[in-house]
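Chain residues, written in single-letter form:
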Amino acid sequence: MSTVANTIFSPELAARFDKLVTIYPLKRSALVPMLLYAQDEIGYVSDEVVREIAQRIDILELDVRNVLSYYSMLRTKPAGKYNVQVCTNISCMLRGGYEILDHCKHKLGIGHKEVTKDGVFSLEEVECIGACCWAPAMQVNYDFHDDLTPEKVDVVFQMYRDGQGKDEK
Amino acid sequence: MPTLVSHPDEVKILSRRFGMGAANIEKYIELDGYKAVQQAITEGPEWIINTMKASGLRGRGGAGFPTGMKWSFVPKVSEKPKYVLVNGDESEPGTCKDHVIFREDPHAVIEGTMIAGLAIGSKLGFIYLRGEYRYLLKIMEKAVADAYAKGYLGKNIFGTGVDFDIITQTGAGAYEVGEESALMESLEGKRGVPRIKPPFPAVVGLYGGPTVINNAETIANAPHILLMGGEAYAKLGTERNGGTRLFGISGHVERPGVYELPMGYSLRKAIYDVAGGIKGGKKLKAVVPGGASCPVLTADEIDVGLDFDQMGKAGTMLGSGGIVVLDETVSIVEFALRTIAFYQHESCGWCIPCREGTDWIKKTLTRVHAGGGSKKDIDNVQYLAENMMGRTFCPLGDAAAMPTLGFVKKFRKEFEDYIEGNKAGIPIITVEQLVGAGH
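Residues numbered from 1 in each chain as written. Chains lettered and ligands numbered in written order. Predicted model: local features only at pLDDT ≥ 70, side-chain atom pairs only at ≥ 80, totals over all residues.

Residue and element names in this part refer to chain B. Read from one edge of the open sheet, five strands run β3-β4-β2-β1-β5, paired in mixed fashion. The open sheet terminates on both sides in strands that have one partner only, identified here as β3 (154-157) and β5 (211-215). Put simply, the sheet's adjacent strands are angled 25 degrees from each other on average, direction ignored. Docked against the sheet, helix α6 (residues 106-120) engages β1 (83-88), β2 (124-129), β4 (162-170) and β5, running at close to 145 degrees with respect to β1. (Pairing = 2+ DSSP bridges. Helix = DSSP H or I, 4+ residues; strand = E, 2+ residues; numbered from the N terminus. Axes fitted to C-alpha atoms, helices over the stretch in contact; angles between N-to-C directions. Contact = placed C-beta atoms within 7 Å.)

Here it is, written out as structure tokens:
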């Protein structure tokens, strides 16, 4: 049983949150991870997510929103089921990162921070994801794909369309 | 997934367990794992700190501060609990070495955290990974859970009466959080804006307690140093630059990858021998030697040893060890624009010189890039960058200004030619890509 009545999260996540707020010297340290884990389950940080996390940590909703707006991975609108994040920072740029981004735009028919009509994919141009030596690279949700070519991107997309892609959370 | 690479010139200390399945705790133990921490418990804090001092190990995050000295700054007696904080928020463009450490040898990070804890008298360590590294966080979480199950973490570790706990933490996307005081803010559940220093973290850090913050690579070195001895480790490197370090060589090279080379190793050899030379037999144009924030070196400036002091003398920095190699096709105007676009995106906005400076440099270079620039723009960019230097609470302002100054000073002619319509290099970024882009 969750310590919060009528929790919006799954029993597993609610139980995880119940524990998470107890492990730190200060409850509020759980805030950033909670926002990210909530987003993983709900798809984005909704008003309801903000409300419940504020309640769980015992801070103002305003405090939650203040932190929420700072971190680039947190979003307040739904993304696609598979959020494609293409790095165009220097190491990727030198090895074709922009070509990969353009290919993704063309292939998915969407631009930066847009979602396909069927809701399967969304696309983001992101800053360095720490895969510089295996550039160009992208992440689909949390899964890394590197040494990319346009052909390899097509294979990756098809894999996710077929439900064969890893969906690491 | 990272591909592991190898070269005969490598000296594998930190990377000696890479590719051997050491994420498995049994394998780690078989490969001398958790021996150093037990010795550290027996020998005590003074021995640990002296060994670390003798090793000449300097912070691998980029600043190069001597680790043993950092640990010795923490007050012995403190009313508030002391903490160890491992910085795995690896976000400096060109840097992916911690990525490999977390994947290939997570227990070395745990053991190093414990050693730092013993050295300063802390009972709790945090290992903070950037949010994008979720699969690595899972590897770290499993490694921590396995260490608890063995009785290596928790109460009465190894049956010695010593207690030590570790909490793993995820970020959620913010370059700025790699700065130590912003990292503490983030871990306290706040926006990652920097704190005013002093007081330094060693005195007033996380939750107000004395805190040692080290980069993940620095921490992972500690067990190896204790096992081999400080002097033996120091000897591998150069004067005041002990040991080896992981260099991530990326960009236009034949064999990009993370290589462990002795400190002081030739930058030229790192590019031409270790990484196999310039991709496709092209000519070298420039090198960004230690992550995006380091001033660029031209092709004829690469006969320099890769340590903190030699790189400093060469007018740049060893930084995070991320060596980004640019071939002759690269337009420095574009590269400078892409670099400042990153810092503009990541500036937290706390300090005006950084918030406004990065924005105006980006705007000015965007105009130059689009073909509407004048020579005065180059002066303005230099003026802005010079006036950001040293005028912000945290080093992000400097990190944006330093590479910008390097580009406009060393490649001024190329900027001037570009403005006059003689554009060097093959363009990569179009104006359309810049408008409405993610940065």
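A separate point is the environment of Val84 of chain B. All names here are of chain B. Along the chain, Val84 falls in strand β1. We classify Val84 as buried; it has 30 C-beta atoms within 10 Å. With residues near it in sequence (within four places) discarded, Val84 still touches Thr113, Ala116, Gly117, Ser122, Gly125 and Val212. (Buried ≥ 20, exposed ≤ 12 C-beta atoms within 10 Å, placed from the backbone.)

A few words now on unusual backbone geometry. A cis amide bond links Ala135 of chain A with the next residue in sequence, Pro136 of chain A, at an omega value of -5 degrees. Relative to the helices and strands, Pro136 of chain A resides in the loop between β3 (121-126) and β4 (138-140). Cis rather than trans, the peptide bond between Lys197 of chain B and Pro198 of chain B has omega equal to -5 degrees. Tracing the chain through its elements places Pro198 of chain B in the loop between α8 (180-187) and β5. The phi angle at Asp32 of chain B is positive, at roughly 70 degrees, despite the residue not being glycine. As for its position among the elements, Asp32 of chain B is in the loop between α1 (25-30) and α2 (35-43).

Further remarks concern the nonpolar core. Core analysis: the largest hydrophobic core is formed by 186 residues, its most contacted members being Leu35 of chain A together with Leu85, Ile115, Ile249, Ala270 and Val287 of chain B. Setting aside its immediate chain neighbours within four residues, Ile115 of chain B contacts Ala36, Val37, Ala40, Ile48, Ala222, Pro223 and Leu226 of chain B. (Core = buried A, V, L, I, M, F, W, Y, C linked by C-beta atoms within 7 Å.)

With that settled, consider helix α5 (residues 97-104) of chain B. Residues spaced three or four apart along an α-helix face the same direction, because each turn holds 3.6 residues. A large share of α5 of chain B lies buried, amounting to seven of its eight residues. Within the sequence span of α5 of chain B, burial applies to Lys97, Asp98, His99, Val100, Ile101, Phe102 and Glu104 of chain B.

Taken domain by domain, chain A comprises domain 1 (11-68) and domain 2 (82-161). Placing a centre on the C-alpha atoms of domain 1 of chain A and another on those of domain 2 of chain A gives a separation of 29 Å. (Domains from an automatic or database assignment.)

To continue, consider the environment of Gly371 of chain B. Residue and element names in this part refer to chain B. You can see Gly371 is positioned in the loop between α14 (352-370) and α15 (375-388). Since 11 C-beta atoms lie within 10 Å of it, Gly371 is described here as exposed. Taking the C-alpha atoms as reference, Gly371 lies 9.9 Å from Val431; in sequence the two are 60 residues apart.

A common measure of how large an interface is: the accessible area buried when the components associate. Counting residues at the interface gives 43 residues for chain A, matched by 58 residues for chain B. For the side of chain A that touches chain B, the secondary structure elements donating two or more residues are α2 (31-42), α4 (61-68), α5 (90-94) and β3 of chain A. Ranked by residue count, the leading element in the side of chain A that touches chain B is α2 of chain A, at five residues. Split into classes, the residues belonging to the side of chain A that touches chain B amount to 29 nonpolar, nine polar and five charged. (Nonpolar A, V, L, I, M, F, W, Y, C, P; charged D, E, K, R; others polar.)

All right, on to the pairing of strand β8 (residues 284-288) of chain B then. All names here are of chain B. The buried fraction of β8 amounts to five of the five residues, a majority that puts the element mostly inside the structure. With four bridges joining them, β8 and strand β10 (residues 322-327) adopt antiparallel strand pairing. Bridge pairing in β10 places Leu284 opposite Asp327.

Let's shift gears to the packing of α2 of chain B against α6 of chain B. All names here are of chain B. As a packed pair, α2 and α6 sit with axes 9 Å apart at the nearest point and diverge in direction by 10 degrees. Classified by the interaxial angle, the pair formed by α2 and α6 is roughly parallel. When α2 is examined against α6, the residues Ala36, Val37, Ala40 and Ile41 are found in contact with a partner set consisting of Glu111, Met114, Ile115 and Leu118. Classifying every residue of the contact of α2 with α6 by side-chain character gives seven nonpolar, no polar and one charged. (Parallel < 35°, antiparallel > 145°, perpendicular 65-115°, else oblique.)

Okay, the domain arrangement of chain B next. Residue and element names in this part refer to chain B. The assigned domain composition of chain B is domain 1 (25-235), domain 2 (244-327) and domain 3 (332-434). Taken together, the nine residues of domain 2 in the interface contact 11 residues of domain 3. Broken down by class, the residue content of the side of domain 2 that touches domain 3 amounts to seven nonpolar, two polar and no charged.

This next bit is on the packing of helix α3 (residues 47-57) of chain A against α4 of chain A. Residues and elements named next belong to chain A. Where α3 meets α4, the axes come as close as 8 Å, and the angle between the chain directions of the two elements is 115 degrees. For α3 against α4, the interelement crossing comes out right-handed. On the side of α3, the interface is formed by Val50, Arg51, Ile53 and Ala54, while α4 contributes Glu61, Val64, Arg65 and Leu68. Classifying every residue of the contact of α3 with α4 by side-chain character gives five nonpolar, no polar and three charged. (Left-handed = near helix turned anticlockwise from the far one by under 90°.)

Let us now look at the environment of Gly64 of chain B. All names here are of chain B. In this structure, Gly64 sits in the loop between α3 (45-55) and α4 (67-72). Taking the C-beta count within 10 Å as the criterion, Gly64 has 21 such neighbours and is therefore assigned buried. With 41 residues separating them in the primary sequence, Gly64 and Asp105 have C-alpha atoms 22 Å apart. For Gly64, the contacting residues outside a window of four places in its chain are Arg58, Gly59, Phe308 and Leu318.

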